[in-house]
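Listed below, chain by chain, are the residues.
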Amino acid sequence: MTLSRHDLLTIGQLAERSGMATSALRYYEKLGLLHAERTAGGQRRYSRATLRRVAFIRAAQRVGLSLDEAGTALDRLPGDRAPSSQEWSAVAESWQSRIDQQIAELEQLKRKLTGCIGCGCLSLARCALYNADDRAGATGPGARYLLTRDPADGPEPHTTEP
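To start, this report covers the structure provided alongside it. Numbering of residues starts from 1 in every chain and runs along the sequence as written. Side-chain atom pairs in this predicted model are given and counted only at pLDDT of 80 or more, local residue features only at pLDDT of at least 70, and totals for whole chains, interfaces and linings cover all residues. Heavy atoms from the whole structure form the basis of all side-chain values; hydrogens and water molecules are not counted.

**Here we look at the packing of helix α3 (residues 49–62) against helix α4 (residues 67–75)**
Helix-helix packing: each pair is described by the crossing angle between the helix axes and the interaxial distance.
No. 1: Angles shown run from 0 to 180 degrees and are taken between the N-to-C directions of axes, each axis being a line fitted to C-alpha atoms and, for helices, limited to the stretch in contact. A helix here means a DSSP run of H or I that spans at least four residues, while a strand means a run of E at least two residues long, and both kinds are numbered starting from the N terminus. Where α3 meets α4, the axes come as close as 9 Å, and the angle between the chain directions of the two elements is 135°. When the axis of α3 is compared with that of α4, the two are oblique. Judged by the twist between their axes, the crossing of α3 over α4 is right-handed. Two secondary-structure elements touch here, α3 through R53, F56, I57, A60 and Q61 and α4 through L67, A70, A73 and L74.
No. 2: The nonpolar class holds Ala, Val, Leu, Ile, Met, Phe, Trp, Tyr, Cys and Pro. Asp, Glu, Lys and Arg form the charged class, and all remaining residues, Gly among them, are polar. Taken together, the residues that form the contact of α3 with α4 break down as 7 nonpolar, 1 polar and 1 charged. By definition in this entry, angles of less than 35 degrees are roughly parallel, angles greater than 145 are roughly antiparallel, angles of 65 to 115 are roughly perpendicular, and the rest are oblique. Each helix crossing is assigned a hand: it is left-handed if the near helix lies turned anticlockwise from the far helix by less than a right angle, otherwise right-handed if that turn is clockwise. Note on definitions: a residue-residue contact is assigned when non-hydrogen atoms from the two residues lie within 4.5 Å.

If you want it as structure tokens, here you go:
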């Protein structure tokens, strides 16, 4: 199907209509989540159906799915039209177990967090939330988490300066 130039959106128009930054749209295209036609001058042009794909990606992220998971789901949906109710139901069902797993993880986190607030130990040596299996203790003495950028990744390795 060939679209006329009036049926296509520039990246700026797509960004404005979708509420996404142009850099995010280019990133999604790089990942294969979005597809653009190119003009003779190399400018991107998106079909109007791309608005629906961007909305879908945002919805997937809001429920905690990764971009890879969103891409897998998008591969099961038509790229040039709205999905039928059957097509959408199949994708929604495939998300159910992932969402149920996420809910279970959040409920477990809530129980642990409530326990931490209740006990008030404030101990990184014993805390199962921030220092599971005492990962910090294996990297050396002291306040190891103050030396890391992201506690989820654990403490940075101990280095000696020259």
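**Some remarks on the packing of aromatic side chains**
No. 1: Only centres within 6.5 Å qualify two rings of Phe, Tyr or Trp (six-membered ring in Trp) as a pair; their planes then separate them into stacked at under 30 degrees, edge-to-face at over 60, and tilted for everything else. In this structure the tally under the stated criterion is 3 aromatic pairs.
No. 2: A ring pair is formed by F56 and W95, whose centres lie 5.4 Å apart and whose planes are at 45°; its orientation type is tilted. In this pair, F56 sits in helix α3 while W95 sits in helix α5 (residues 85–119), placing the two residues 39 residues apart along the sequence. Accessibility classification places F56 together with W95 in one group, the buried group.
No. 3: Seen from their ring centres, W88 and W95 are 5.9 Å apart, and the 80° between their planes marks the pair as edge-to-face.
No. 4: Judged by relative accessible area, which is 35%, W88 ranks as partly exposed.
No. 5: Site record: aromatic cluster; members linked through ring pairs are F56, W88 and W95. Each residue is placed in one exposure class: buried if its accessible area under a 1.4 Å probe, protein chains only, is under 20% of its type's maximum, exposed if it is over 50%, and partly exposed if it falls in between.

Spatial relationships are all this shows, so hold off on functional conclusions.
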